[in-house]
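Coordinates in review
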Amino acid sequence: MSRLPTIIDDWFAARGWAPRRHQLDMLDAAQGGEHVLLVAATGAGKTLAGFLPTLANLVENARDGLHTLYISPLKALGVDVQRNLLAPIEEMGLDIRVETRSGDTPSDRKARQRARPPHILLTTPESLSLLLSYPDCATMFEGLQTVVIDEIHAFAREKRGDLLSLSLARLQQLAPRVRRVGLSATIADPEAYQGWLAPDADAELVRLVHGDPGAEPDLSILIPDGRVPWSGHSGRYAAKQVMALIAEHRTTLVFCNTRSLAELIFQDLWRVNDDQLPIGIHHGSLALEARRKVETAMGDGRLRALVATASLDLGIDWGNVDLVVQMGAPKGSSRLLQRIGRANHRLDEPSKGMIVPGNRFEYLEARAALDAIDDNELDPDIFRPGTLDVLAQHILAIACAGPFNETELLAEINSAAPYAGLTPEVFARVLAYIATGGYALKAYDKYRRLTADGPGRWRITTPAVAVQHRLNAGIIVDNPMMDVRFKNGRMLGKVEEGFASTLSVGDHIFFAGLSLEVERLKDSDIIVHASSKSARLVTYGGQRMSMSTHLAERVRRFLCSPDDWQRFPDDVREWLEVQGKRSILPEPDQLLVETFPHEGRHFLVIYSFEGWNAHQSLGMLITRRMESAGLKPLGFVANDYALACYGLEEVVDPAPLLSPDILEHEFVEWVEQSNLLKRAFREVAVIGGLVERQHPGKRKTGRQVSFSTDLIYDVLRRYEPDHLLLTAAWDDARARMTELGRLARLVERAADQMIHVRASRVTPLAVPLMVVIGREAMPSGSSADDMLLIEAEALAAEAMRVD
């Protein structure tokens, strides 16, 4: 017996279905009042499993008021889930109201939701935090039974996860019997997520439910003509083959790792789309209307292919997708599995996926990812302490709802896993910051947001503080953006101000799948019209995805495991064989450093496999040391696999360039002098409420926000260098922007495991990196690509000579 109400049992039976075992386990956990984490493959009915106990409870115990909160990482997820949830509710004829609430929800509906909440509310971490900032939140949430957190892996370890964890702690105070439910398809360490989800971080309080395994995915690597290119990172060379795959399948999702690459791949596919098949593009910078239009077309089966970024990694489920193509290396096995899971979306049918590697290193990474999936090895889950800027935002939200006692609030905050280690001293610093802005800013009334309301009690200084908080709260801080519009006002999307500043009237850009000519730049708008001319790509800042640590370890093992090479294409196998003859192939615990001359310059190449972000940081530090040592550096270039520094003088001994003290001296000096810390400060200043993004009726431009944060940054650096937000910015810069942990491991390995090979000329392993030098300055287009291909082949011919 399923123990489901008859009306739900009948609904399953009418469709020839039966509840899955894990769905009944979720029902059992709910009836026992247990917190629960469900880990189940895509297509296993996770969403229904999360909602089934709510539907059953509301059928048997009809009531008014908010019963279940559903939290998703994306606003679009709520729309998709609402559609999938409303259909069964309507088909069963249940009197259950379901609504969504996000930044796009009209204000009158938001007000009504607080006065008369639906039974089920679908929302985001930011919108939940805002709900908790209203004085009536205790009334709204007092009867709450369940909080369902979908795709928990997507944000638990990030700042949005910090905010959600704090909100869960507050909900537990308002509704002590509320159950917490987490859903995910890709988790390497379930116990860590059980601890994050649990009250007081007690993992034993959260029951773990595993879904039945689905069919093994059908995964392969596309190698056109049996050859893997020497250079590139996008797989563009395979456009014709990918278009042929699109023609062979019903619906194909083509994933790219960046928005710029998505635009480029769309143009490449369109050029070879001889049959004029309908294809679309989807990424986070396109206008909401454009994304919704494409999503609807996909849902209706009117598109044969969709080129997309991480904007479609999660949640949007189209059963007619029968192929997923990953352009370039996947960077992580969990991410690849998540993307491949978009195909078929049925548990009993294999998802079909194909990787198109950009170069030979990327082939090794692609092979490593497929092996990791075969071995059920997912990307490691690294949790870190909660950030102070998010904490400051949360405390102010609580104060907006009403006065609080600081001892009670600290205990509540300590019950949230990311803040379990928050000390009374640091908590007091955060309170002092909210109350005065800090020592250097306390003379300004605008930074006084909290005031004492008796011993150990605090309240907001004026009602205007609450208004400003609700206008400016949020965790996602975009780079300053400008709108791209047609002159009739139709919005196409947004580009960053930094890129927009490089544009002039008459320039052409590829955006939203179109070639667009700039007509004029007005305030925060770029007015464009469609064109047929060749265009430049829109580029975006932000952190680039790095290859995960466990894929890096697998690639290192490939280098010294000839038995594995039998699975590789002939040219990849030959590449490694000649490297072994001309130089060495390092063991996994060794760090190979090669030096060689090329075209009048001297090169130092470090094969560390620690990811692009760590290599970028190290490149800046090493060239500074080279300058100090009189080696006349000219520059450096990095990818996920290696770093090459080059100059006019030979590096005879690389060891001093990589000594461990580089992280104590040059790193600190470099961060303080670069824009890295200033960018990090801008984010924490906005999240921490020091700088406002908008006032009633008026939103600041990104340029105005940057100007404000830069001014405050300079003041604090001079007069209060230990300010709470400068500390938070340093933590951000170290932990997120430079991947300091991988950088530290790299330097540690260099001290004990470096092997220096002095080669007479460029080596095979160096070719994919050497080709990138100077690439950034070249225009996009077929002629530039042809030049790079010629250069790569010439370099390869030199490197692969065994004499």
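Attention here is on the structure that accompanies the text. (Residues numbered from 1 in each chain as written. Predicted model: local features only at pLDDT ≥ 70, side-chain atom pairs only at ≥ 80, totals over all residues. Heavy atoms only, no water.)

**Observations concerning the side chain of T623**
Positionally, T623 belongs in helix 22 (residues 612-628). The class of T623 is buried, set by a relative accessible area of 14%. When sequence neighbours within four positions are dropped, the list of residues in contact with T623 reads P633, G635, F636 and C645. (Helix = DSSP H or I, 4+ residues; strand = E, 2+ residues; numbered from the N terminus. Buried < 20%, exposed > 50% of the residue type's maximum accessible area, 1.4 Å probe, protein only. Contact = heavy atoms within 4.5 Å.)

**Some points on the sheet that holds strand 15 (residues 450-452)**
The antiparallel open sheet is built from three strands, whose spatial order is 14-16-15. Each end of this open sheet is capped by a strand with a single partner; those strands are strand 14 (404-405) and strand 15. As paired elements, strand 14 and strand 16 (residues 457-460) share two bridges and run antiparallel to each other. Directly across from N405, in strand 16, lies its bridge partner R457. (Pairing = 2+ DSSP bridges.)

**A word on the packing of helix 15 (residues 388-401) against helix 17 (residues 424-436)**
One can describe the packing of helix 15 onto helix 17 by two numbers: an axis separation of 10 Å at closest approach and a directional angle of 65°. By crossing handedness, the relation of helix 15 to helix 17 is classed as right-handed. Between helix 15 and helix 17, the residues in contact are L388, L391, A392, I395 and L396 and V426, F427, V430, L431, Y433 and I434, respectively. Residue composition of the contact of helix 15 with helix 17, grouped by class: 11 nonpolar, no polar and no charged. (Axes fitted to C-alpha atoms, helices over the stretch in contact; angles between N-to-C directions. Left-handed = near helix turned anticlockwise from the far one by under 90°. Nonpolar A, V, L, I, M, F, W, Y, C, P; charged D, E, K, R; others polar.)

**Some words on unusual backbone geometry**
Notably, K331 is not glycine yet its phi reads approximately 75°, a positive angle. Considering the arrangement of structural elements, one finds K331 in the loop between strand 12 (323-327) and helix 13 (333-340). At A512, a residue that is not glycine, the phi angle is positive and equals roughly 55°. Residue position: A512 is located in the loop between strand 19 (508-511) and strand 20 (514-522). Judged by relative accessible area, which is 22%, A512 ranks as partly exposed.

**Things to note about the sheet that holds strand 11 (residues 305-308)**
The parallel open sheet is built from six strands, whose spatial order is 8-13-12-9-11-10. Of all the strands in the sheet, the pair left with one neighbour each is strand 8 (218-221) and strand 10 (279-282). For this sheet, the mean inter-axis angle between neighbouring strands, taken without regard to orientation, is 20°. Looking at chain direction, strand 9 (residues 252-255) and strand 12 are connected through four bridges and run parallel. By the bridge assignment, L253 is partnered in strand 12 with V324. Along the sheet, helix 10 (residues 239-248) makes contact with strand 9, strand 10, strand 11, strand 12 and strand 13 (352-356), crossing strand 9 at roughly 155°. Helix 11 (residues 259-271) rests against strand 9, strand 10, strand 11 and strand 12 of the sheet, and its axis sits at about 175° to strand 10.

**Focus: the pairing of strand 23 (residues 591-598)**
Burial analysis of strand 23 places seven of its eight residues in the buried class, the great majority of the element. Here strand 23 pairs with strand 29 (residues 754-758) via five bridges, running parallel. Within strand 29, the position partnered with L592 by the bridge is I755. With seven bridges connecting them, strand 23 and strand 24 (residues 601-607) associate as antiparallel partners. Each bridged residue has a counterpart across the sheet, and for L592 the counterpart in strand 24 is Y607. Linking strand 23 back to strand 24 in an antiparallel pair, the connection comprises two residues, with E599 at a positive phi of about 50°.

**As for the packing of aromatic side chains**
A complete count under the given rule lists 15 aromatic pairs for this structure. Relative to F383, the ring of Y193 lies with its centre 5.0 Å away and its plane at 75°, an arrangement referred to as edge-to-face. In this pair, Y193 sits in helix 9 (residues 190-197) while F383 sits in the loop between helix 14 (360-374) and helix 15, placing the two residues 190 residues apart along the sequence. Between the aromatic rings of F361 and W575, the centroid separation amounts to 5.1 Å while the plane-to-plane angle is 80°, which identifies the pairing as edge-to-face. Highlighted residues: F361 in helix 14 and W575 in helix 21 (residues 570-582), separated in sequence by 214 residues. Each member of the pair, F361 as well as W575, is classed as buried. What links up through ring pairs into an aromatic cluster is the set F361, W575, F609 and Y641. Sitting above the plane of the Y134 ring, R114 keeps its charged end 3.7 Å from the centroid. A cation over an aromatic ring shows up here: R360 above the ring of W230, its NZ or CZ 3.7 Å from the ring centre. (Phe/Tyr/Trp six-rings, centres within 6.5 Å; stacked < 30°, edge-to-face > 60°. Lys NZ or Arg CZ within 6 Å of the ring centre and 35° of its normal.)

**Remarks on the packing of helix 14 against helix 21**
Their axes nearest at 10 Å, the elements helix 14 and helix 21 cross at an angle of 110°. By the angle between their axes, helix 14 is roughly perpendicular relative to helix 21. Here helix 14 contributes R360, F361, Y363 and L364 to the contact with helix 21, which in turn contributes D571, V572 and W575. Residue composition of the contact of helix 14 with helix 21, by class: five nonpolar, no polar and two charged. (Parallel < 35°, antiparallel > 145°, perpendicular 65-115°, else oblique.)

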